[in-house]
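Structure assessment
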Amino acid sequence: MPAAETATAANAPATFPAPSAANVAPAAPAVVAPLLRVENLVVRFPARGGLFGGSREMVAAVDDVSFEIGRGQIVALAGESGSGKTTTGRAILKLAPVAAGKIIFDGVDIAPLTPREFFPWRKRIQMVFQDPWHSLNPRLTLESILAEPLEIHFPQLRAAARRERVAELLRRVKLPLDMMRRHPHELSGGQRQRVGIARAVAVEPELLVCDEPVSALDVSVQAQIIALLRELRAECGFACLFVSHDLAVVEQLADGVLIMREGKIVERGEPAALYANPQHPYTRALLDAVPVF
Ligand SMILES: Nc1ncnc2c1ncn2[C@@H]1O[C@H](COP(=O)(O)OP(=O)(O)O)[C@@H](O)[C@H]1O
Ligand SMILES: [Mg+2]
């Protein structure tokens, strides 16, 4: 990302004036490490059907992908369906098999961790899905749905404190407090996505992986959810990998965008600059497909 590169360059030791006794900041590192650094990530799946059906032929859904996300930064991963966006996001949460490469989160390569070892990172990295309908237990009230991640990751919280946290979460995502006793089927799509977001931010994650979180919503509701994500990012300071096939949505939200095609990142940059001057023909084709621009 240009922003991250600029930040790194600006903080590189060589560009600093020689520290004098008066201006030495004791704890400040010379180079700010990104929150997430994905290096040469490869995810392979068995090829389906066709010529190779039944064989052990593997295809790379994610093929040598590298990128960084700084703290508090929103980076979009854009590209057409099947390009490997979801798989990249899932790999970061250990929900897709990493064949090669590193996923360095806050200085630690989490790719080789076992599920048990990964447990503390599950709190730090949360996921928001396209349609929370499938990820919200229909039998539970919103209160139980939002209390669950708190019970798992903040087991020391007493019931009263947890209830207060749930109320605070509903306020944060602008849902009325009396919704606590409602069930998912009583909500609109936009309200359900607010619950999905509230559940993800409940445990104060440092990184949100959002997989097409507004793609199933009407355009007017999309705009509200995007505004909410911007607001929450400002309040909570999380970074975000925002997976989207929609370049118009990306421009409203992201600090940087990665263009993905057939498992590879073909172009990257700051959205407005990249859209104004796309270098790769695939990016141009994607932009041509955006209806109003
Ligand atoms: N669990 C899986 N098993 C086999 N193939 C998969 C699996 N998940 C994804 N794929 C394949 O990986 C490729 C990338 O898929 P995906 O990451 O879902 O793309 P996108 O999110 O960009 O639409 C596709 O060819 C898809 O069929
Ligand atoms: Mg997808």
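Right above here is the structure, for reference.
Here's a quick rundown of the structure. (Residues numbered from 1 in each chain as written. Chains lettered and ligands numbered in written order. Predicted model: local features only at pLDDT ≥ 70, side-chain atom pairs only at ≥ 80, totals over all residues.)

From N to C terminus, the protein chain includes 10 helices and 10 strands. With 293 residues in all, the protein chain has 36% of them scored as buried. (Helix = DSSP H or I, 4+ residues; strand = E, 2+ residues; numbered from the N terminus. Buried ≥ 20, exposed ≤ 12 C-beta atoms within 10 Å, placed from the backbone.)

In terms of nonpolar packing, the biggest core is built from 68 residues, with Val75, Ala76, Ala198, Leu207, Leu241, Phe242 and Leu258 touching the most fellow members. When neighbours within four sequence positions are excluded, Leu207 is seen to be in contact with Leu35, Leu36, Arg124, Ile125, Phe238, Ala239 and Leu241. (Core = buried A, V, L, I, M, F, W, Y, C linked by C-beta atoms within 7 Å. Contact = placed C-beta atoms within 7 Å.)

Here we take up the site of ligand 1. Close to ligand 1 lie Phe45, Ala61, Gly79, Ser81, Gly82, Ser83, Gly84, Lys85, Thr86 and Thr87. Broken down by element, the shell around ligand 1 gets its largest block of residues, three residues, from helix H2 (residues 85-92). Taken together, the residues that form the shell around ligand 1 break down as two nonpolar, seven polar and one charged. (Near = placed C-beta within 6 Å. Nonpolar A, V, L, I, M, F, W, Y, C, P; charged D, E, K, R; others polar.)

The next thing to look at is the packing of helix H6 (residues 189-201) against helix H7 (residues 219-236). At a minimum axis distance of 10 Å, the contact between H6 and H7 shows a crossing angle of 20°. The angle between the axes of H6 and H7 places the two elements in the roughly parallel class. Considering how the two elements wind past one another, H6 and H7 form a crossing that is right-handed. Note on element contacts: H7 touches H6 through Val221, Gln224, Ile225, Leu228, Leu232 and Cys236, opposite Gly189, Gly190, Gln193, Arg194, Ile197 and Val201. (Axes fitted to C-alpha atoms, helices over the stretch in contact; angles between N-to-C directions. Parallel < 35°, antiparallel > 145°, perpendicular 65-115°, else oblique. Left-handed = near helix turned anticlockwise from the far one by under 90°.)

The next thing to look at is the pairing of strand E6 (residues 125-128). Burial of the side chains of E6 extends over both faces: Ile125 and Met127 are buried on one face and Gln126 and Val128 on the other. Pairing between E6 and strand E7 (residues 207-211): four bridges, direction parallel. Counted as the bridge partner of Gln126 is Leu208 from E7. (Pairing = 2+ DSSP bridges.)

Quick look at the sheet that holds strand E10 (residues 264-269) now. The six strands are arranged E6-E7-E8-E3-E9-E10 in an open sheet whose pairing can be described as mixed. Every other strand in the sheet has two partners, leaving E6 and E10 as the edge strands with one partner each. The sheet shows a mean angle of 20° between the axes of neighbouring strands, taken without regard to direction. As judged from the five bridges shared by strand E3 (residues 74-78) and strand E8 (residues 239-244), these two strands associate in the parallel manner. Its bridge partner lying in E8, Ala78 is registered against Ser244. H6 contacts E6 and E7 of the sheet and is inclined by roughly 175° relative to E6.

Moving on, we come to the sheet that holds strand E4 (residues 98-105). Overall, antiparallel pairing links the four strands, which are arranged E2-E1-E4-E5 in an open sheet. Looking at the sheet topology across the chains shown, the edges are occupied by strand E2 (58-69) and strand E5 (108-109). In the sheet, E4 pairs with E5 via two bridges, with the strands oriented antiparallel. When the sheet's bridge partners are listed, Phe105 is paired in E5 with Val108.

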